[in-house]
2 protein chains.
Amino acid sequence: MTPRIAIDAMGGDVGVRVMMAGAALARHRHDRLKFLLVGDEVRIKAALDSHPNLRAASDILHTDEVVTGDDKPSQALRKSKNSSMGLAIQAVKSGDCGAALSSGNTGALMAMSKLALRTMPGIDRPALAALLPTLGSNDLVMLDLGANTECDANNLIQFAIMGAAYARTALGLERPRVALLNIGTEDMKGTDEIRDAAAALRDATELPMDFTGFIEGDKMSRGDIDVLVCDGFSGNIALKTIEGTARFVTDLLRNAFASSVRSKIGFLISRPATELLKHHLDPNNHNGAVFLGLNGVVLKSHGGANEKGVANAVHVAAELVEKDITRQVSEDLARFGGSRAGETRA
Amino acid sequence: MTPRIAIDAMGGDVGVRVMMAGAALARHRHDRLKFLLVGDEVRIKAALDSHPNLRAASDILHTDEVVTGDDKPSQALRKSKNSSMGLAIQAVKSGDCGAALSSGNTGALMAMSKLALRTMPGIDRPALAALLPTLGSNDLVMLDLGANTECDANNLIQFAIMGAAYARTALGLERPRVALLNIGTEDMKGTDEIRDAAAALRDATELPMDFTGFIEGDKMSRGDIDVLVCDGFSGNIALKTIEGTARFVTDLLRNAFASSVRSKIGFLISRPATELLKHHLDPNNHNGAVFLGLNGVVLKSHGGANEKGVANAVHVAAELVEKDITRQVSEDLARFGGSRAGETRA
């Protein structure tokens, strides 16, 4: 399927120009990509002047209405029909586009997407997934990152299936290694929900993944696993703790290097090394959180992403559409459900 | 009260020598400190040969029995009467010592302490608290770090009261700023338990603390708060994620510095800066997790702590005994309970 991606041109702190520049950058990489650009036509056209390659591949859908960062999900839902975010999602619902990308209000994007696209058959709740850097050879898929504050065992099992499909698609892995986030690795650790999910996943050898059991928060960046599954509360805590700690350490480092002339000279000499570090930790290199489990692909780009970040999110969207993540998840759910026909589920 | 501290000389990876060296180091700082050293008498005496100052301030209580890292809490409880860990706790129960310190098996230490010392009046469950580094002028008290997988609103309120008392004692703050860990800062965010706890703490102006509301995982190291309250599951995830991410960033940094001759030279020149960073992140500078909420003070030293780490844990123990943390918590509970007499508690 030639991916056509609906872009909410208005959302986020970044504005139209960064969204357009990011899409144009992604278009250079995928020369068959098509776009539907949704938002203020005058501003979109002005931004497209610098990107003729994107203009040639895009249609524009004009609207004045915008979901703001302050809109509560309930308020945003009233903007489903006419806002740039709502119209981008509607384009996925109608089949006109394969995916929608917005850098706007996450809660609003999720509420609108759920209402318009509905969860796919076999999935009780969609989850928010993202890629995180590791010391290993590939990134780590982590989910749920905050869509569901509380989760039961079936939710966690479904997240594992969706996360593994995402890892096969985005990371090109045949059998991703999947683990559940927990406060210890022994079987008895954690909540009933986590233990029940682990028991079911351990038995689910028919799935195209290797379930490796529990993993603790200090081990997840080592590159030992490819998919990390958790409820949205602990996932959000862990993700933000990673961000905060990475910033804390780099701030300490900056202060340390600024503490003496000798350190400053050392810093200047070793600049390429610290640039490499910055590159690894730059969230733009891992931009694009995906709502998995809906009848259609919806991505959230970070509100503060630069054009490289937006391009990465567009790239992830294109991969998910081309490799038909929704079908992959359906097939795995059927495998899992099929082998358990007649069994009582955890 | 002149603090006398019972030290489980046997636990952990570190062995008798490090525990003794750490206690001796702390003794130099607090010259009135007394010790009860529990464990293998021959090995303790051999280690004391290098520390005459500690020998003069210590009694030795001999036992052969040791709780191992592999002992499940249920197995460890059978060693309550005769193990070095059990006897150290018994010395607190009998009033012979003000605090017990062990670097052994955390689960065993907690189970034994709860059974022997019982939770103090007004506290439903004890919590594990520790100090974390921040970019601010003081460390951060964080609890619960894993003692309670699931917590209700009253547990969280009690953790806030205990954490604030700990911050007043260990950090010397009059009115510590207390926040609840959550996945957003708006009132509606999080679980019912967290929202109910926040509502009660917001009203509890009679307590010697400033409740600042919710805080997210990326903001906790900035120095904006002094006490971070959470259930043991998310606390453990956050704590270990901090450890893992700090290690991840420093590993990236090491790889980056080793990547070229130029970087290596820069690294050598700026060595004092990276040493400063290492100092900030060295867990030995924040060693000593405390079980709060028991009738007596019990501390866990990290299994891999060096003598400086053990000395820090002994220092924390001495402060908690001298400033009578248990009485402080009782008084705050009475304040909180008193002002709510007749009210239905959340």
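Before reading on, note that the structure itself is shown above.
Everything numeric in this text was worked out from a predicted model, so none of it was measured.

**Q** Account for the nonpolar core, naming residues and giving values.
**A** Core analysis: the biggest nonpolar cluster contains 114 residues, and I7, M20, Y166 and L180 of chain B have the highest contact counts within it. For this core, the leading source of residues is helix α7 (residues 153-171) of chain B, giving twelve residues. A domain split of this core shows at least three residues from each of domain 1 (1-122 + 293-323) and domain 2 (124-286) of chain B. In contact with L180 of chain B, other than residues within four places in its own chain, are L156, I194, A197, A198, L201, F211, G213, F214, I215, L228 and V229 of chain B. If you look at the next biggest cluster of nonpolar residues, it comprises 113 residues, including C97, A164, C230 and L239 of chain A.

**Q** Explain the pattern of salt bridges to me, using residue names and the numbers behind them.
**A** Two side chains of opposite charge can pair, provided their charged atoms sit close to one another. Tallying each qualifying case throughout the model produces 36 salt bridges over all chains. Ionic pairing is found between D226 of chain B and R177 of chain B, a salt bridge with its closest N-O pair at 2.9 Å. Of this pair, D226 of chain B sits in the loop between β8 (210-215) and β9 (227-229) while R177 of chain B sits in strand β7 (residues 177-181), and the two are 49 residues apart along the sequence. The partly exposed category is assigned to R177 of chain B, whose relative accessible area is 29%. Each of the salt bridges in this network shares a partner with another, and the network as a whole consists of R4, D59 and D96 of chain A.

**Q** How would you summarise the state of the cysteines if you had to cite specific residues and measurements?
**A** Counted under the stated rule, the structure contains zero disulfides over all chains. Take C230 of chain A: it sits in no disulfide, and the sulfur closest to it among the cysteines is that of C151 of chain A, at 8.3 Å.

**Q** Which residues make up the pairing of strand β7 (residues 177-181) of chain A, and what values do they have?
**A** All names here are of chain A. Within β7, four of the five residues are buried, which leaves the element mostly enclosed by the surrounding structure. Relative to strand β8 (residues 210-215), β7 runs parallel, the two being bridged by five bridges. By the bridge assignment, A179 is partnered in β8 with G213. Handedness of the crossover joining β7 and β8 through helix α8 (residues 192-203) is recorded here as right-handed. As paired strands, β7 and strand β9 (residues 227-229) are joined by three bridges and run parallel to one another. The residue of β9 that forms the bridge with L180 is V229.

**Q** Now, about the packing of helix α5 (residues 84-93) of chain B against helix α6 (residues 106-117) of chain B: what can you tell me, with residues and values included?
**A** How two helices sit against one another is set out by the angle between their axes and by the gap between those axes. All names here are of chain B. It is at 10 Å that the axes of α5 and α6 come closest, and there the two elements cross at 30°. Note that α5 runs across α6; the crossing there is right-handed. Residue-level inspection shows M85, G86, I89, Q90, V92 and K93 of α5 in contact with α6, the latter providing A108, L109, M112, S113, A116 and L117. A breakdown of the residues in the contact of α5 with α6 according to their chemical character gives eight nonpolar, three polar and one charged.

**Q** Go over the sheet that holds strand β3 (residues 58-62) of chain B, please, and point to the residues and values.
**A** Residue and element names in this part refer to chain B. The eleven strands lie next to each other as β3-β2-β1-β4-β11-β10-β5-β6-β9-β7-β8, forming an open sheet whose pairing is mixed. Unpaired on one side and paired on the other, β3 and β8 mark the two borders of the sheet. In this sheet, adjacent strand axes meet at a mean angle of 25° when their direction is disregarded. Bridge count for strand β6 (residues 140-143) against β9 is three bridges, and the pairing is parallel. Looking at the pairing, M142 lines up with L228 of β9.

**Q** An account of the packing of helix α1 (residues 15-29) of chain B against helix α12 (residues 307-322) of chain B is requested, with residue identities and associated values reported.
**A** All names here are of chain B. Contact pair α1 / α12: the axes reach a minimum separation of 7 Å and the direction vectors enclose 55°. Judged on the interaxial angle alone, α12 and α1 are oblique. You can see that α1 and α12 cross each other, and the crossing is right-handed. Taking contact as the criterion, the partners of V18, M19, A21, G22, A23, L25, A26 and R29 in α1 are, on α12, E307, K308, V310, A311, N312, V314 and H315.

**Q** I'd like a description of the sheet that holds strand β10 (residues 289-292) of chain A, backed by residues and values.
**A** All names here are of chain A. Reading across the sheet, the eleven strands line up as β3-β2-β1-β4-β11-β10-β5-β6-β9-β7-β8 and stay open at both edges, with mixed pairing between neighbours. Because the sheet does not close on itself, it has two edges, and the strands there are β3 (58-62) and β8. Ignoring which end each strand starts from, the neighbouring axes of this sheet average 25° apart. Here strand β1 (residues 4-8) runs beside strand β4 (residues 99-102); their pairing, made up of three bridges, is parallel.

Cut-offs applied
- Residues numbered from 1 in each chain as written.
- Chains lettered and ligands numbered in written order.
- Predicted model: local features only at pLDDT ≥ 70, side-chain atom pairs only at ≥ 80, totals over all residues.
- Heavy atoms only, no water.
- Core = buried A, V, L, I, M, F, W, Y, C linked by side-chain atoms within 4.5 Å.
- Buried < 20%, exposed > 50% of the residue type's maximum accessible area, 1.4 Å probe, protein only.
- Helix = DSSP H or I, 4+ residues; strand = E, 2+ residues; numbered from the N terminus.
- Domains from an automatic or database assignment.
- Contact = heavy atoms within 4.5 Å.
- Salt bridge = Lys/Arg side-chain N within 4 Å of Asp/Glu carboxyl O.
- Disulfide = S-S within 2.5 Å.
- Pairing = 2+ DSSP bridges.
- Right-handed = clockwise from strand over helix to strand, strands pointing away.
- Axes fitted to C-alpha atoms, helices over the stretch in contact; angles between N-to-C directions.
- Left-handed = near helix turned anticlockwise from the far one by under 90°.
- Nonpolar A, V, L, I, M, F, W, Y, C, P; charged D, E, K, R; others polar.
- Parallel < 35°, antiparallel > 145°, perpendicular 65-115°, else oblique.

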